[in-house]
Amino acid sequence: AQTVTQSQPEMSVQEAETVTLSCTYDTSESDYYLFWYKQPPSRQMILVIRQEAYKQQNATENRFSVNFQKAAKSFSLKISDSQLGDAAMYFCAYRRVDAGNMLTFGGGTRLMVKP
Amino acid sequence: EAGVAQSPRYKIIEKRQSVAFWCNPISGHATLYWYQQILGQGPKLLIQFQNNGVVDDSQLPKDRFSAERLKGVDSTLKIQPAKLEDSAVYLCASSLVGGRLRGNIQYFGAGTRLSVL
């Protein structure tokens, strides 16, 4: 079974600074997807960024980028120029390509942004 | 485009009572998911529907939980009877299709927070 681990329960960053959230996963598959979701206090999970395992290039979405290390099974999220609105729970998630689209989530990291 | 709608937003019940949650997915989305998110944890899939058929319910506690998706659109998740450990947020998500399609994204509703006293 696949597992996803987020080792940082909480992180704090100063507004306009950069922060990196860590995620590791365990799988025997070679083709899969990885995601970062943001969950603000409103509870709605919002997709931040996704990575396909067969692509070597790291995904980027505006201020959000990932560092995907397939051999190390590591998938970290970097948030540049942090904003107050970035404060939320962040979840890393894994999905097999040949599964029924089921997501396996990590335990989450709470990001606090200080003004 | 309207998102995934869920109701109610909050529900408080006593143990051994029954409760039902409702979900309306994004129009045209064939696949619907119910997740349970216990406080301080990531969401865990309970059941997945493809149209009105069940794809995966391996983590659904079938002795007390049931779900249906009549006509392949709206879905209802029921707990009967509820236990204290069922206190959680119940999230509904939908995606255009399931399976192998690359880029298939799950969109989530705001969830229902259940408190069992």
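Everything here concerns the structure above.
Residues numbered from 1 in each chain as written. Chains lettered and ligands numbered in written order. Predicted model: local features only at pLDDT ≥ 70, side-chain atom pairs only at ≥ 80, totals over all residues. Heavy atoms only, no water.

Rolled over the atoms, a probe sized like a water molecule indicates the empty space that remains. By volume, the largest pocket is sized at about 420 Å³. In terms of lining, the largest pocket is formed by 22 residues, of which the most central are Gln39(A), Arg110(A), Leu39(B), Gly40(B) and Arg113(B). When contributions to the lining of the largest pocket are tallied by element, the ones reaching two or more residues are strand 10 (88-96) of chain A together with strand 9 (88-95) and strand 11 (112-116) of chain B. Each residue belonging to the lining of the largest pocket can be placed in one class, and the counts come to 11 nonpolar, 7 polar and 4 charged. Estimated volume of the second largest pocket: approximately 200 Å³. Along the wall of the second largest pocket there are 14 residues; nearest its centre are Phe105(A), Gln41(B), Gly42(B), Pro43(B) and Lys44(B). Looking at the lining of the second largest pocket, the elements with two or more residues in it are strand 11 (104-105) of chain A together with strand 5 (44-50) of chain B. (1 Å grid on protein atoms, 1.4 Å probe; cavity = no way out; pocket = protein on both sides within 12 Å on 5 of 7 lines; lining within 4 Å. Points joined across faces, edges and corners; volume = space filled by probe spheres on them. Helix = DSSP H or I, 4+ residues; strand = E, 2+ residues; numbered from the N terminus. Nonpolar A, V, L, I, M, F, W, Y, C, P; charged D, E, K, R; others polar.)

Time to look at the environment of Tyr35(B). Locating Tyr35(B) in the fold gives a position in strand 4 (residues 31-37). For Tyr35(B) and Leu60(B), which are 25 residues apart along the polypeptide, the C-alpha to C-alpha distance reads 9.7 Å.

Okay, the state of the cysteines next. Residue and element names in this part refer to chain A. Using the criterion set out here, one finds 2 disulfides over all chains in the structure. Shown here is the disulfide that connects Cys-23 with Cys-92, its sulfur atoms set 2.0 Å apart. Given an S-S torsion of about -70°, the disulfide between Cys-23 and Cys-92 has left-handed geometry. On the criterion of sequence distance, the pair formed by Cys-23 in the loop between strand 3 (19-21) and strand 4 (24-26) and Cys-92 in strand 10 is long-range, its members being 69 residues apart. (Disulfide = S-S within 2.5 Å.)

On the side of chain A, 25 residues touch chain B, which itself brings 32 residues to the contact. At the junction of chain B with chain A, the criterion picks out 0 salt bridges. Elements represented by at least two residues in the side of chain B that touches chain A include exactly strand 4, strand 5, strand 9 and strand 11 of chain B. (Contact = heavy atoms within 4.5 Å. Salt bridge = Lys/Arg side-chain N within 4 Å of Asp/Glu carboxyl O.)

Let's shift gears to the packing of aromatic side chains. Within this structure, the stated rule accounts for 16 aromatic pairs over all chains. When the centroid spacing of 6.2 Å and the interplanar angle of 35° are considered together, the rings of Phe35(A) and Tyr37(A) count as tilted. Here the two residues Phe35(A) and Tyr37(A) agree in accessibility, since each one is buried. Centroid distance Tyr37(A) to Phe108(B): 5.4 Å. Interplanar angle 80°. Geometry classified as edge-to-face. Residue Tyr37(A) is found in strand 5 (residues 32-39), and its partner Phe108(B) is found in strand 10 (residues 107-108); the two belong to separate chains. (Phe/Tyr/Trp six-rings, centres within 6.5 Å; stacked < 30°, edge-to-face > 60°. Buried < 20%, exposed > 50% of the residue type's maximum accessible area, 1.4 Å probe, protein only.)

Residue and element names in this part refer to chain B. A sheet is described by the order of its strands in space; here 4 strands give the open sequence 1-3-8-7, paired in antiparallel fashion. Two strands in the sheet have a free side with no partner beyond their single neighbour: strand 1 (5-7) and strand 7 (65-68). Adjacent strand axes in the sheet meet at a mean angle of 15°, parallel and antiparallel pairs treated alike. When strand 1 meets strand 3 (residues 19-24), the two strands line up antiparallel, connected through 3 bridges. By the bridge assignment for strand 3, Ser-7 is matched with Trp-22. (Pairing = 2+ DSSP bridges. Axes fitted to C-alpha atoms, helices over the stretch in contact; angles between N-to-C directions.)

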